[in-house]
Amino acid sequence: MTKGESDLSFSLCHQYLAFSSFLRYDVYVCPELPYPTREQILDKISGVDGVYWCCKEKVDKEMLDKAGQNLKVVSTMSAGFDHIDVQELKKRGIKFGHTPNVLNSAVAEIAVLLCLATARRLHEGRLKIETNTWEISGPQWFMGQDIQGSTVGIVGFGGIGQAIAKRLIAFDVGQLIYSGHSPKPQAKELGAEFVSFDELLKRSDFVIIVCPLNEETKEMFNEAAFNKMKPNAILVNVARGGIVDQPALIEALKQGKIFGAGLDVMTPEPLPTDSPLLSLPNCVLLPHVGSATIKTRTAMAILAAENLIAGLEGTPMPAPF
Ligand SMILES: O=C(O)C(=O)CO
């Protein structure tokens, strides 16, 4: 977001929070701008009733101890919450809200963008022009992959996964398959088939990661997983970088075990400028902007504020977890 755009989300959330201060609650909005250090956050969080969280700093035991006994609610302006110790919140009876669903379309659009950009070698194409290596002979030069007719595997078939499926159907995909804990009732009308993770890896031309990061999914895309994927496969990750064993992905891309990767998320974020990912022509990178549209971020800011106020007021949160 430009500064003006981010100001818009922040000013909306501040309007809501002005309402909550009218209700005489002490609320900490993180981050304030400029971005604080963890030590500064720890200093400021002490004694608050509620926390409005739109940063990736961990809300863990240390943070909660520092906040103290008054804390009644934590509201994160994100759908994912791997940075928040939800078990610890539960143990302490602190309410917790997040912002699912309002970002489904925006993240699905980024997933489609990464499928297309990686399949048609967007980054590498730009490099060919920049380095004057654009070849004018040969019909087989610079060929990519089709989405049309391909098998698309979606890992995690929640709201975002289903939104991606809907959009890719318009590209005439051959087969839609998905993996997860259990079959989803919504899959039937999308014509998506529930398969095991292993089968998804073996069959898919496009593998799209949309599941949450947790103990079970951490680095589930490791060397063994890449060995099972097709050499023409494209990996797209719009979920969390930690789901992928990044050194194993780098090796897979270098050795041509898979065709390419399109990543909106990586490890760490921000990615250091000397990361080997940046020197791979078959890797398309975005700086974690899945939900970063004005409309979506505004909807997330409002929902997070509504969650917070409901939690403070003791009314039902619109999006509790
Ligand atoms: O809301 C989230 O969890 C996101 O990562 C949006 O991109």
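Residues numbered from 1 in each chain as written. Predicted model: local features only at pLDDT ≥ 70, side-chain atom pairs only at ≥ 80, totals over all residues. Heavy atoms only, no water.

The name given to the chain in an unreviewed UniProt entry is Glyoxylate reductase/hydroxypyruvate reductase, with the source organism recorded as Periplaneta americana. Under Sequence similarities (unreviewed entry), UniProt gives the following word-for-word description of the chain: "Belongs to the D-isomer specific 2-hydroxyacid dehydrogenase family." (UniProt positions renumbered as here; feature names shortened; annotations may be inferred.)

**Student:** Even after reading the chapter, I still don't get the overall build of the chain, so can you show me in this structure?
**Tutor:** The helix and strand tally for the chain stands at twelve helices and eleven strands. For the chain, whose C-alpha radius of gyration is 21 Å, the value lies close to the compact-globule estimate of 20 Å for 321 residues. For the chain, the spread of C-alpha atoms along the three principal axes comes to 70 × 45 × 35 Å. Within the chain, the fraction of its 321 residues that count as buried is 49%. Taking the intrachain contacts of the chain between residues at least 6 apart in sequence as the baseline, contacts between residues at least 24 apart amount to 60%. (Helix = DSSP H or I, 4+ residues; strand = E, 2+ residues; numbered from the N terminus. Rg over C-alpha atoms; globule rule 2.2 N^0.38 Å. Buried < 20%, exposed > 50% of the residue type's maximum accessible area, 1.4 Å probe, protein only. Contact = heavy atoms within 4.5 Å.)

**Student:** Sorry, what's going on with the site of the ligand here?
**Tutor:** Neighbouring the ligand are S78, A79, G80, L103, R240, H288, S291 and M300. Within the backbone of G80, one N or O atom sits 2.8 Å away from an oxygen atom of the ligand. Here H288 contributes a side-chain N or O atom positioned 2.8 Å from an oxygen atom of the ligand. (Near = heavy atom within 4 Å. Polar contact = N/O pair within 3.5 Å; in protein donor to acceptor, adjacent residues only side chain to side chain.)

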